[in-house]
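# Structure at a glance
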Amino acid sequence: MTNISNIDIPAVDNVQALTIAQRVVLGAWRSYEFRVGFFVFSAMVLLAIFWPMISSIDPLKINIRAKLMPPAFMGEGWSWTHPMGTDQLGRDMLMRSLVGLRYSLLIGLTTVVVMLAVGALVGLLAGYRGGLTDTILMRITDAQLSIPMIILAIAILGVARPTIPAIILVLGLSGWPVYARVMRSVVMAERKREFVRGATILGASDLRIMFLLLLPICLPPIAFVAVLDIARMMIFESVLGFLGLGVQPPTPTFGNIIADGRKYLVNAWWIATVPGIFLFLTLISLNLMGAALERSRNRVHGGEA
Amino acid sequence: MHVGGGFIVFIVNFLIRRLAQGVIIVFLVSFLIFTLLRVIPGDPVRLMAGGMAPDHVIDQIAEDMGLRDPIPVQFVRYMGGVLQGDLGQSFIRPASGAAVGGASFDDNTRSERAEVFDLIADTAPFTLQLALLAMAFALIVALPVGIYGGLRPGKWPDRLALYMGSLFISLPNFWLGIVLALVLSVNLGWLPAIGYQGFAYTILPAIVLAVEIAPFLIRSLTVSVAQNMRENYISVAAIRGIGHRRIVMAHALKNASVPLLNLLGVQFSMLLGGVLVVEFIFDYPGLGLLTINAVLQRDFPLIQGIAIVTSAAFVVINIIVDLVATTIDPRLEY
């Protein structure tokens, strides 16, 4: 990372008063993609949180008489009670998709927090300590990078019972190495700078320097890019569900609804398609926001990735 | 880089160092997977022997196979075999083909169990074919979009690259696979989808996989082409009288290909994850399908064998990537 204060910023007075993180968010907000992504994402999150509370429909309630109803305006026999149609057991697709979205968001967000925490800690330690600590930690990181994460995840979840904490832990623990590497390289660059030496001379402990000086500088640029990983983890969660290794039925998740819907693909295309569209909209809004944040961060940090 | 004989020495040193590191990595991976599989609850012998087998039979089989020994003892024995090129035998699959996991425990007709090495060697070519075709598809899309995006930062080609990347990366591979199978295979009848009876069966899975890879290639190309075009040597080249086309093709692209190569090394595991899911959806008889079945059947030796082979492939690919990158850009010293 280059010295922030040396970058030529167009001389606008109030810009200097903002923190780097605020400038990155502000820069992203100016782009069209970010705002579109933000509104779509907020709409999805609000819908996922509040619709299951407001509506009286139970996502698990089976109603054989209303089975395989198509979405509104999409063929014969649809009704406003089930605007997205019903599945093979007459369960409401809209409600099931939204409950699925809840789990997907919950698992995606928590997983990224776990990844970020473990990765940042390992990277911070390796980058700050250097020497033997660095070598050992980085070899472990390399070893883990070379196990395809999804093989690790399905190996563990396939043999153990897939509960929500297990899924979060497995995905989080298999995703941290990339963060550890980036964090390490950033910390190594920062550690040699004046203010760290100054703090050392003033008698600051290693822990103090690591957590109060280095972490607040090094974490935000990495955390912005983590938005992209929320989307990636949501895909992973749905892949696991699809393989039958995610949150178990009858709880609806994107993965297991789509896996179910696959059997009825020819007669009832909407069972697999509707949750897919919800997932896709959420993912693309997250990716648009993430990409805008990343570009803005690169601009603020002087084009450095 | 050094000249003449020095270069050879450099290459040999490089290979020795990286191979040694690679051996350590593969060793760590095997140990990790080996331990995990044995620590996690779930008895594979129960699956092998059939649900109705009495406990003493299960204990007997486990004893015979050495599954009740301490984990380090088992690991040393296993690695001893691996060093001699023996990856062990599948717990479940017979040498002849179909799985027999559910058979009765006293079924004497059960045939010899399959060698893990053979299982992997039989399926790997299919996966390689799928991966190469997918990579080709991804490059066909990513090269023009990415290069154009990099040449016109902030303009519409750049936007196109951004939107296309965001769109592709937001399509969950298994969902896309199902939708494409429905549209292209069931409704239109253009491409065959399920199983494998010839090269045509590779195309649809490869398209799905390509959609998953392409965004990474596009993004890397856009960023590195844009970065290279800002460098001094590009503006100097124009002053030297070199044509624009040649500057882009021979100079900027050549240097932009280094990050692309690195990406290939880093994203190898992602590619493999995609292969897994895609092969599962399309019932494509490759390494991915083998892996998923091995996991679902708790076939420990097979899972271990696959983990070792894939991590070795990862190490080799990364060494090759770094070697090629050094020849493209001699400033890189590994």
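Rules behind the numbers
- Residues numbered from 1 in each chain as written.
- Chains lettered and ligands numbered in written order.
- Predicted model: local features only at pLDDT ≥ 70, side-chain atom pairs only at ≥ 80, totals over all residues.
- Heavy atoms only, no water.
- Axes fitted to C-alpha atoms, helices over the stretch in contact; angles between N-to-C directions.
- Helix = DSSP H or I, 4+ residues; strand = E, 2+ residues; numbered from the N terminus.
- Parallel < 35°, antiparallel > 145°, perpendicular 65-115°, else oblique.
- Left-handed = near helix turned anticlockwise from the far one by under 90°.
- Contact = heavy atoms within 4.5 Å.
- Nonpolar A, V, L, I, M, F, W, Y, C, P; charged D, E, K, R; others polar.
- Salt bridge = Lys/Arg side-chain N within 4 Å of Asp/Glu carboxyl O.
- Buried < 20%, exposed > 50% of the residue type's maximum accessible area, 1.4 Å probe, protein only.
- Buried area = accessible area lost by both parts, 1.4 Å probe.
- Polar contact = N/O pair within 3.5 Å; in protein donor to acceptor, adjacent residues only side chain to side chain.
- Patch = residues over 30% accessible without salt bridge, like charges linked within 9 Å, V, L, I, M, F, W, Y side chains within 5 Å.
- Areas by Shrake-Rupley, 256 points an atom, 1.4 Å probe, with all protein chains shown as cover.
- Lys, Arg positive; Asp, Glu negative; His and termini not counted.
- Charge placed at Lys NZ, Arg CZ, Asp CG, Glu CD.
- Phe/Tyr/Trp six-rings, centres within 6.5 Å; stacked < 30°, edge-to-face > 60°.

## Remarks on the packing of helix α10 (residues 254-261) of chain A against helix α11 (residues 270-300) of chain A
All names here are of chain A. At a minimum axis separation of 7 Å, α10 and α11 run at an interaxial angle of 155 degrees. Taken as axis vectors, α10 and α11 run roughly antiparallel relative to one another. In this structure, the crossing between α10 and α11 has a hand that is left-handed. Contacts between α10 and α11 pair F254, I257, I258 and G261 from the former with I271, A272, P275, G276, F278 and L279 from the latter. Each residue belonging to the contact of α10 with α11 can be placed in one class, and the counts come to eight nonpolar, two polar and no charged.

## Notes on the pattern of salt bridges
Per the counting criterion, the structure on display carries ten salt bridges over all chains. A salt bridge links R193 of chain A to E190 of chain A, with the shortest nitrogen-to-oxygen separation between them at 3.1 Å. By relative accessible area, R193 of chain A is classed as partly exposed at 28%. Residue class for E190 of chain A comes out buried when judged on its relative accessible area of 1%. Across the salt bridge formed by R219 of chain B and E294 of chain A, the nearest N and O atoms sit 2.2 Å from each other. A residue pair is termed interchain when its members come from two chains, as with R219 of chain B in helix α8 (residues 200-229) and E294 of chain A in helix α11. Exposure remark for E294 of chain A: the relative accessible area of 9% places this residue in the buried category.

## Thoughts on the interface of chain A and chain B
In this assembly, 44 residues from chain A lie in contact with 45 residues from chain B. Between chain A and chain B, roughly 4,100 Å² of surface is buried when both sides are summed, and carbon and sulfur atoms account for 77% of that area. Across the chain A-chain B interface, the total number found is three salt bridges. Connecting chain A to chain B are eight residue pairs in polar contact (both at pLDDT 80 or more). Tallying contributions element by element places α11 of chain A first for the side of chain A that touches chain B, with 13 residues. Here the side of chain A that touches chain B is composed, by residue class, of 30 nonpolar, eight polar and six charged.

## What about the packing of helix α12 (residues 287-296) of chain B against helix α13 (residues 300-328) of chain B?
Residue and element names in this part refer to chain B. Taken N-terminus to C-terminus, the directions of α12 and α13 make an angle of 140 degrees; their axes are 8 Å apart at the nearest point. Viewed along their axes, α12 and α13 form a crossing whose handedness is left-handed. Taking contact as the criterion, the partners of L290, T291, A294 and V295 in α12 are, on α13, L302, I303 and I306. Broken down by class, the residue content of the contact of α12 with α13 amounts to six nonpolar, one polar and no charged.

## Considerations on a negative patch on the surface
All names here are of chain B. Negative charge collects at one region of the surface, where D86, E115, D118 and D122 lie side by side. Inspection of the secondary structure puts D86 in the loop between α4 (71-83) and β1 (89-94). A residue is classified by how much of its surface remains accessible, and D86, at 38% relative accessible area, is partly exposed.

## A look at the packing of aromatic side chains
Two numbers describe a pair of aromatic rings. These are the distance of the centres and the angle of the planes. As enumerated under the stated definition, the model contains 13 aromatic pairs over all chains in all. Seen in terms of ring centroids, W29 of chain A and F39 of chain A are 6.3 Å apart; in terms of plane orientation they differ by 70 degrees. Their pairing is edge-to-face. You can see W29 of chain A sitting in helix α2 (residues 20-29) and its partner F39 of chain A sitting in helix α3 (residues 32-54), a full ten residues away along the chain. Given the relative accessible area of 34%, W29 of chain A is considered partly exposed. These aromatic residues form a ring-pair network of at least three members: F27, F31, F34, F75 and Y78 of chain B.

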